[in-house]
Amino acid sequence: MTGYDEQPRVGFFTDTSVCIGCKACEVACKEWNGVPDDGFNLLGTSFDNTGELGANSWRHVAFIEQPAVDLGMPGFQRPGDGSGAEGRTDFRWLMSSDVCKHCTHAGCLDVCPTGALFRTEFGTVVVQQDICNGCGYCVSGCPYGVIERREGDGRAWKCTLCYDRLRDGLEPACAKACPTDSIQFGVLDELRERAALRLNDLHERGMTEARLYGEDPDDGVGGNGAFFLLLDEPEVYGLPPDPVVPTRDAPAMWRFAGIAASAMVGIAVSAFAGRRR
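Since this is a predicted model, take the numbers as computed values, not measurements.

Visitor: Would you mind going over the pairing of strand S10 (residues 226-230) with me for this structure?
Guide: Within a regular strand, side chains alternate between the sheet's two faces. Counting buried residues in S10 gives five out of five residues, a clear majority hidden from the surface. Here S10 shows a buried face lined by Ala226, Phe228 and Leu230 and a second buried face lined by Phe227 and Leu229. Here strand S1 (residues 10-15) pairs with S10 via four bridges, running parallel. The residue of S10 that forms the bridge with phenylalanine 12 is alanine 226. Of the strand pairs in this sheet, strand S9 (residues 211-213) and S10 are connected by three bridges, and their pairing is antiparallel. For arginine 211, the partnering residue across the bridge sits in S10 and is leucine 230.

Listed below in structure tokens is the structure:
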């Protein structure tokens, strides 16, 4: 197996502007990876039946019904409330296939005490199920709320970016199944260039609200291995606007703790020496 530094880092670019919400990615992910169903619970506020990423949902297609009032169109009530076709079209759907971000600075990887999580030669982050002890530290270590322990199993599960397929020279199942190329797989540097061109194209067409999310190497997680082109604020899609890996400040905390401990030892030694005199 080649080293991580010798292999170009790969990942996902998800262009939500062309997602049609077909859920082919969800199905392909479950079929290839043997991910069990998660209840298929239809939500009252959406056509979404998974709700969020979790141990049994490694891909999640969000359906966001955005009313006209949010789009700057006054007088909106609900789709269908008006008379005629116009009253039934004062809204739009925002759809996006979410996945583990495979962060550059991965909080889950930092806090795992057993080494169950590891960085692959492709730059992705994978859980080794035969080593995971179900402690759950990785759950709180993820700034995106992606990783979760499976009920009845106890171990942590998440997207592997189809590590087995990558080692055989194949693209991940979700990207292979996407009919619109909303999910694009490839070398991250090339994907970032492609995303920048796509963003410029949308801006030239007047879609100035379009933005990239997760591609910045200077953000709180050092940039993502899975990044997105969004048509609104990240919060609209259920994404944190400024994600920060929880362990980012750990070195400074340990440094200050060491200074404080050294000071306490120095005070104790001085006090003991003073009593002896």
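Visitor: Any chance you could explain helix H6 (residues 188-204) here in plain terms?
Guide: Residue pairs three or four apart in sequence face the same way in an α-helix, which turns once every 3.6 residues. A rise of 1.5 Å per residue sets the reference length of H6, with its 17 residues, at 24 Å; its end C-alpha atoms lie 24 Å apart and thus fit the reference within 8%. When we look at burial in H6, the residues that qualify are Leu188, Leu191, Ala195, Leu199 and Leu202. The buried residues of H6 occupy an angular sector of 75° when projected down its axis, which confines them to one face. For H6, the exposed residues set more than 90 degrees away from the buried face come down to Asp189, Glu193, Leu197 and Glu204.

Visitor: Looking at this structure, how should I read the environment of threonine 50?
Guide: With respect to the secondary-structure elements, threonine 50 resides in the loop between helix H1 (24-33) and strand S2 (59-67). Note: C-alpha distance between threonine 50 and glutamate 26 (24 residues apart in sequence) is 9.5 Å. Dropping the residues within four chain positions of it, threonine 50 is found in contact with Lys23, Glu26, Asp38, Ser57, His60 and Val61.

Visitor: Could you clarify how one ought to interpret unusual backbone geometry in this entry?
Guide: Glycine aside, negative phi is the norm for most residues, and most peptide bonds take the trans geometry. The phi torsion at leucine 161 lies on the positive side, around 55°, for a residue other than glycine. Checked against the element boundaries, leucine 161 lands in the loop between strand S7 (156-157) and helix H4 (163-167). Owing to a relative accessible area of 1%, leucine 161 belongs among the buried residues under this scheme. Phi is positive for aspartate 181, which is not a glycine, with a value near 60°. One can find aspartate 181 in the loop between helix H5 (173-177) and strand S8 (183-187). Judged by relative accessible area, which is 48%, aspartate 181 ranks as partly exposed.

Visitor: What is the right way to look at the packing of aromatic side chains in this model?
Guide: For any pair of aromatic rings, geometry is given as the distance between the ring centres together with the angle between the planes. Evaluation of the coordinates by the stated rule reveals six aromatic pairs. Relative to tryptophan 157, the ring of tryptophan 58 lies with its centre 6.5 Å away and its plane at 25°, an arrangement referred to as stacked. With tryptophan 58 in the loop between H1 and S2 and tryptophan 157 in strand S7, the pair connects residues that are 99 residues apart, well separated along the chain. Each member of the pair, tryptophan 58 as well as tryptophan 157, carries the same accessibility label: buried. When the ring of phenylalanine 63 is compared with that of tryptophan 93, the centres are 6.2 Å apart and the planes differ by 85°; the resulting orientation is edge-to-face. Of this pair, phenylalanine 63 sits in strand S2 while tryptophan 93 sits in strand S3 (residues 91-99); the two residues are 30 residues apart in sequence, bridging distant segments of the chain. Through a chain of ring-to-ring contacts, three or more aromatic side chains come together here, namely Phe118, Phe122 and Tyr163. Between arginine 150 and the ring centre of tryptophan 157, over which it is positioned, the NZ or CZ distance is 3.9 Å.

Scoring rules and cut-offs
- Per chain, the residues get numbers from 1 upward, laid out in the order the sequence is written.
- Given that this is a predicted model, residues contribute local features only at a pLDDT of at least 70 and side-chain atom pairs are listed and counted only at 80 or more, while totals for whole chains, interfaces and linings are drawn from all residues.
- The basis for every side-chain value is the complete set of non-hydrogen atoms in the structure, without hydrogens or water.
- Relative accessible area decides the class of each residue, using a 1.4 Å probe on protein chains only: under 20% of the type maximum gives buried, over 50% gives exposed, and in between gives partly exposed.
- Per the convention used, a helix needs a DSSP run of H or I reaching at least four residues, while a strand needs a run of E reaching at least two, with both numbered from the N terminus.
- Two strands form a pair only when DSSP identifies at least two bridges running between them.
- How far a helix is expected to stretch is found by multiplying one less than its residue total by 1.5 Å.
- An arc is given here, and it is the one of the directions from the helix axis to the C-beta atoms.
- Note on definitions: a residue-residue contact is assigned when non-hydrogen atoms from the two residues lie within 4.5 Å.
- Ring pairs are drawn from Phe, Tyr and Trp, using the six-membered ring of Trp, whenever the two centres fall within 6.5 Å, and their geometry is named by plane angle: stacked under 30 degrees, edge-to-face over 60, tilted for the rest.
- Any Lys NZ or Arg CZ that is within 6 Å of a ring centre and within 35 degrees of that ring's normal is treated as a charge sitting over the ring.

Remember that the coordinates give geometry; whether it matters functionally is a separate question.
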